[in-house]
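Per-entry structural report
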Amino acid sequence: MPFKTRVFDGTVSFKSSPTIISHNFIIANYGAGFAVDTDDGSSFVHIAHNVLYDGGAMKMDYGGCSSRFEHNFIFARPHTGEQPCYVVGAFLPGSADIMQKNKCVVPYFPPRNIHGHVGDNYQCTLPDINATYVFRPDYNEYYCMYEPLFGCQTSSGAVKNLTFTELQHAGVSTHSRHFHYIPTASEMLRWSRHILQM
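Criteria and cut-off values
- Residues numbered from 1 in each chain as written.
- Predicted model: local features only at pLDDT ≥ 70, side-chain atom pairs only at ≥ 80, totals over all residues.
- Heavy atoms only, no water.
- Helix = DSSP H or I, 4+ residues; strand = E, 2+ residues; numbered from the N terminus.
- Buried < 20%, exposed > 50% of the residue type's maximum accessible area, 1.4 Å probe, protein only.
- Contact = heavy atoms within 4.5 Å.
- Pairing = 2+ DSSP bridges.
- Axes fitted to C-alpha atoms, helices over the stretch in contact; angles between N-to-C directions.
- Salt bridge = Lys/Arg side-chain N within 4 Å of Asp/Glu carboxyl O.
- Disulfide = S-S within 2.5 Å.

1. What to know about the side chain of Asn 102
Position of Asn 102 among the secondary structure elements: in the loop between strand E9 (98-100) and strand E10 (103-105). Of the residues examined, Asn 102 reaches a relative accessible area of 2% and is grouped as buried. If near-sequence neighbours (up to four positions away) are discounted, Asn 102 is found in contact with Phe 69, Glu 70, His 71, Asn 72, Ile 74, Tyr 139, Asn 140 and Glu 141.

2. Overview of the sheet that holds strand E11 (residues 117-121)
Two pairing modes exist for strands in a sheet, parallel and antiparallel, and in both the strands are linked by backbone hydrogen bonds. Spatial strand order, E5-E8-E11-E13-E14: 5 strands in an open sheet with mixed pairing. Of all strands in the sheet, those bounded by a partner on one side alone are strand E5 (58-60) and strand E14 (159-163). Neighbour-to-neighbour, the strand axes of the sheet open up by a mean angle of 20 degrees, direction not taken into account. Sheet topology places E11 next to strand E13 (residues 149-153); 4 bridges connect them, and they run parallel. For Gly 119, the partnering residue across the bridge sits in E13 and is Phe 150.

3. Focus: the environment of Cys 124
Looking at the element boundaries, Cys 124 is found in the loop between E11 and helix H1 (129-132). A relative accessible area of 0% means that Cys 124 is categorised as buried. When the C-alpha positions of Cys 124 and Ala 90 are compared, they lie 8.8 Å apart, and in sequence the two are 34 residues distant.

4. Topic: the pattern of salt bridges
Per the counting criterion, the structure on display carries 2 salt bridges. We note a salt bridge from Glu 141 to Lys 103, for which the minimum N-O separation is 2.8 Å. With a gap of 38 residues between them, Glu 141 in strand E12 (residues 141-143) and Lys 103 in strand E10 connect regions that are remote in the sequence. Looking at Glu 141, the relative accessible area reads 18%, which means it is buried. A residue is classified by how much of its surface remains accessible, and Lys 103, at 23% relative accessible area, is partly exposed.

5. Focus on the state of the cysteines
Where two cysteines share a covalent bond between their sulfur atoms, that bond is called a disulfide. If you walk through the whole model with that rule in mind, you get 1 disulfide. With a sulfur-sulfur separation of 2.1 Å, Cys 85 is cross-linked through a disulfide to Cys 104. Because the sign of the S-S torsion sets the handedness, a value of about -95 degrees for the bond joining Cys 85 and Cys 104 places this disulfide among the left-handed ones. Taken together, the residues Cys 85 in the loop between strand E7 (73-75) and strand E8 (86-88) and Cys 104 in strand E10 connect sequence positions 19 residues apart. Using a relative accessible area of 1% as the deciding quantity, one classes Cys 104 as buried. In this structure Cys 144 is not part of a disulfide, and its nearest cysteine sulfur, from Cys 85, lies 7.4 Å away. Of the residues examined, Cys 144 reaches a relative accessible area of 1% and is grouped as buried.

Okay, here's the thing in structure tokens:
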């Protein structure tokens, strides 16, 4: 049963206080697709300042809303065919998850993802992507050797691959950056120590 409270931001609303996941080193082992599985209605989850290894980053492809994923370092080795940096479904206006200021390193792509998808969004109907792209990941850094591709659903339901450049030309992720290299182990360790305050 929902209750009106002031726990979210001090104003009266049905929004809950966020569940906070922060300053953790999480290994997505045993073939897990994602380090933190925010799916099937997960809402109001704040995932920040974590080091996530061996799995994908942000996931919400069924019914969740209003979560935040920021300031994380993801070393994604996607062995399940999932998109390593994010895969999201539909959101209502004003309730989309936020993904910003993360570093996502993708050292290779598995056979099921040979085209180099780093993210998929099933709410960016073409051709007017700017009007429908409710989920707006921005200020993120993507590290991979190839031009990253982002899946965007068309009006017929098919998914079209957009390059990072095409996505930015459409007005999405305009402040994000792509680096054509894999950081060194010492560089990634430095990022990890900084995030985990070690």
